Amino acid sequence: MAEYEAVAKQFVEHYYNTFDSNRSALAPLYRDESMLTFQSAQVGGGPAIAEKLASLPFQKVKHQINSFESQPTPGGAGIIILVAGALLVDEEQNPLNYAQTFQLVKDPAGAWFLFNDIFSLLV
């Protein structure tokens, strides 16, 4: 497994486990230059993204990842990740299908962070 694939796998597991248990704990993954597009609504900057995620109108959520793919960006400075899955919110019994795309990049110290995050329900 290539390094970018291992990083992508670890990131996807961490992101969805954290999202499902404590969304506010995702805040450190985003930086001031990060951008989230959630169902066509764009939000920029780590604090605003954390606020958006915390304000989503459900209490409980469970993501099921059906598949994910990843590719490195030029120079090895980033990773693009595409996730397809289904989620259940609150007491809902019918899962909602979704797609989510992430772009991870390295900061000057070599730490990965979420530069782009695009989420869309597939209806």
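Further up the page is the structure itself.
Summary of the structure given here. Bear in mind the structure is a predicted one, so any value in this text is a computation, not a measurement.

Comments concerning the layout of surface pockets
At step 1: By volume, the largest pocket amounts to about 230 Å³.
At step 2: Taken together, 18 residues make up the lining of the largest pocket; nearest its centre are F38, L56, F58, L87 and F119.
At step 3: Elements represented by at least two residues in the lining of the largest pocket include exactly helix 1 (3-21), strand 1 (30-38), strand 4 (78-89), strand 5 (96-106) and strand 6 (112-121).
At step 4: It is strand 6 that provides the largest number of residues to the lining of the largest pocket, a total of three residues.
At step 5: Here the residues of the lining of the largest pocket sort into 13 nonpolar, three polar and two charged.

Quick look at the pattern of salt bridges
At step 1: Applying the stated criterion across every chain, the model contains three salt bridges.
At step 2: Taking the shortest distance from any N to any O, the salt bridge between K9 and E13 comes out at 2.5 Å. You can see K9 and its partner E13 sitting in helix 1, four residues apart, about one turn around the helix.
At step 3: For E13, a relative accessible area of 40% corresponds to the partly exposed category.

Things to note about helix 2 (residues 46-54)
At step 1: Every buried residue of helix 2 is listed here: G46, I49, A50 and L53. All buried residues of helix 2 fall inside an arc of 100° around its axis, so they share one side. Away from its buried face by more than 90 degrees, helix 2 exposes P47 and E51.
At step 2: In this fold, the buried residues of helix 2 make contact with helix 1, strand 1 and strand 2 (41-44).

Quick look at the packing of aromatic side chains
At step 1: Inspection of every chain in the model, using the stated rule, returns 10 aromatic pairs.
At step 2: Ring centres of F11 and Y15 lie 5.7 Å apart, and the angle between their planes is 35°; this geometry places the pair in the tilted category. Note that F11 and Y15 are positioned in helix 1 at a spacing of four residues, about one turn of the helix.
At step 3: Relative to F115, the ring of F113 lies with its centre 6.4 Å away and its plane at 80°, an arrangement referred to as edge-to-face.
At step 4: With a relative accessible area of 4%, F113 lands in the buried category.
At step 5: Ring-pair connections join several aromatic residues into one group, and the members of that group are F11, Y15, Y16, F19, F38, Y98, F102 and F119.

As for unusual backbone geometry
At step 1: One non-glycine residue, S40, adopts positive backbone phi at about 75°.
At step 2: Here S40 is to be found in the loop between strand 1 and strand 2.
At step 3: Given a relative accessible area of 69%, S40 falls into the exposed group.

Parameters and conventions
Residues numbered from 1 in each chain as written. Predicted model: local features only at pLDDT ≥ 70, side-chain atom pairs only at ≥ 80, totals over all residues. Heavy atoms only, no water. 1 Å grid on protein atoms, 1.4 Å probe; cavity = no way out; pocket = protein on both sides within 12 Å on 5 of 7 lines; lining within 4 Å. Points joined across faces, edges and corners; volume = space filled by probe spheres on them. Helix = DSSP H or I, 4+ residues; strand = E, 2+ residues; numbered from the N terminus. Nonpolar A, V, L, I, M, F, W, Y, C, P; charged D, E, K, R; others polar. Salt bridge = Lys/Arg side-chain N within 4 Å of Asp/Glu carboxyl O. Buried < 20%, exposed > 50% of the residue type's maximum accessible area, 1.4 Å probe, protein only. Arc of directions from axis to C-beta. Contact = heavy atoms within 4.5 Å. Phe/Tyr/Trp six-rings, centres within 6.5 Å; stacked < 30°, edge-to-face > 60°.

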